[in-house]
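Close look at the chain arrangement
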Amino acid sequence: MMKWMRYLLIFGLFIVLFAGPSKIQADAKSFPKSFATDLKNGTLPGTVGKVGTKFGTIYKKLPGEVYTTESFMGYSTEYDTYYYEHQKSDFIYFSQSTKAIESNFNSKYTKASIRKQLKPLAYQPAYDTYVSKSKTNLYKAGRFYAYIDRSSDGTRAIVATKWGMKNYFMIDKIYE
């Protein structure tokens, strides 16, 4: 009888150790509908304003720093970054509209659950003739575009206008 109990104990440990969910599956969450709704409205959870909000409104509510690149102007706050069309000067006008918002989240979502809520898109980078279809993190969210990058640290999300997405990632064409 003791022999059977030992086999049963070993079999039970085997099931627990090898047949249970992997760490990656256990950590990944289902993409919430509220997150998808926020993206479709041009905003991200926990951010101030949305795509199209004037810079003056964001500036009054959040302290941050302005920086410039070749393709856009950025306003970096403690947790989020807001992007604007690059003008001929090195500052952002208060009347300029936000073209993209970027934020990081601690939650990890499965690609399948994201694709249930948002339509994946193919795109062609400006520096290449290859059209990326299978490994894309680019999605259509209502009239906006969303980029959702899943990593071991969490999730980086960007919601933008078509102009904002094309300039941020140097995309030549987006196929809808």
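Heads up: the structure comes first, above all this text.
As a starting point, this report considers the structure included with it.

Remarks on the environment of Gly154
Mapped onto the fold, Gly154 is located in the loop between β8 (144-150) and β9 (155-160). Sequence separation between Gly154 and Asn106 is 48 residues, and the spatial gap between their C-alpha atoms is 4.5 Å.

As for the environment of Ser76
In this structure, Ser76 sits in strand β2 (residues 72-76). Look at Ser76 and you get partly exposed, because its relative accessible area is 28%. When sequence neighbours within four positions are dropped, the list of residues in contact with Ser76 reads Gly64, Glu65, Tyr67 and Thr81.

A word on the side chain of Lys140
Locating Lys140 in the fold gives a position in strand β7 (residues 138-141). In contact with Lys140, not counting residues within four places along its chain, are Leu118, Lys119, Leu121, Tyr145 and Glu176.

Quick notes on the nonpolar core
Counting 26 residues, the largest nonpolar core has Phe31, Phe35, Leu39, Leu44, Tyr84 and Leu118 as the members making the most contacts within it. At the level of elements, α3 (33-40), α4 (55-61), β2, β3 (80-85), β4 (100-105), β7, β8 and β9 are the ones that each hand at least two residues to this core. Filtering out sequence-adjacent residues up to four positions away, Tyr84 remains in contact with Thr53, Phe55, Ile58, Phe72, Met73, Tyr75, Ile92, Gln96, Ser97, Thr98, Lys99 and Trp163. By size, the runner-up hydrophobic cluster in this structure holds 13 residues, among which are Ala100, Leu138, Tyr147 and Tyr168.

Quick notes on the side chain of Thr43
Along the chain, the position of Thr43 falls in the loop between α3 and α4. The exposure class of Thr43 is buried, given its relative accessible area of 14%. A distance of 3.1 Å separates a polar atom in the side chain of Thr43 from a polar atom in the side chain of Thr47. Thr43 has contacts with Asp38, Gly49, Lys50 and Val159, leaving out every residue within four places of it along the chain.

Some thoughts on helix α6 (residues 162-169)
Looking at α6, one finds that the buried residues are Gly164, Met165 and Tyr168. For α6, the angular spread of the buried residues around the axis is 95 degrees, confining them to a single face. Among the residues trailing α6, Met170 stands out with phi positive, at a value near 50 degrees.

Comments concerning the sheet that holds β4
Read from one edge of the open sheet, eight strands run β1-β2-β3-β4-β9-β8-β7-β5, paired in antiparallel fashion. Of all strands in the sheet, those with a lone pairing partner are β1 (65-68) and β5 (119-120), marking the two edges. Bridge count for β8 against β9 is six bridges, and the pairing is antiparallel. If you follow Ala146 over to β9, its bridge partner there is Val159. Contacts from α6 reach β2, β3, β4, β7, β8 and β9, with the element oriented near 130 degrees to β9.

Looking at α3
Here α3 has its buried residues at Phe35, Ala36 and Leu39. When α3 is viewed along its axis, its buried side chains cluster within an angular range of 100 degrees and face the same direction. Seen from the buried face of α3, the exposed residues on the opposite side, beyond 90 degrees, are Lys33 and Ser34. Here the buried face of α3 lies against β4, α5 (111-117), β7, β8 and β9. Just downstream of α3, Gly42 is the residue with a positive phi angle, here 85 degrees.

Here is what the cut-offs are and how they apply
Residues numbered from 1 in each chain as written. Predicted model: local features only at pLDDT ≥ 70, side-chain atom pairs only at ≥ 80, totals over all residues. Heavy atoms only, no water. Helix = DSSP H or I, 4+ residues; strand = E, 2+ residues; numbered from the N terminus. Buried < 20%, exposed > 50% of the residue type's maximum accessible area, 1.4 Å probe, protein only. Contact = heavy atoms within 4.5 Å. Core = buried A, V, L, I, M, F, W, Y, C linked by side-chain atoms within 4.5 Å. Polar contact = N/O pair within 3.5 Å; in protein donor to acceptor, adjacent residues only side chain to side chain. Arc of directions from axis to C-beta. Pairing = 2+ DSSP bridges. Axes fitted to C-alpha atoms, helices over the stretch in contact; angles between N-to-C directions.

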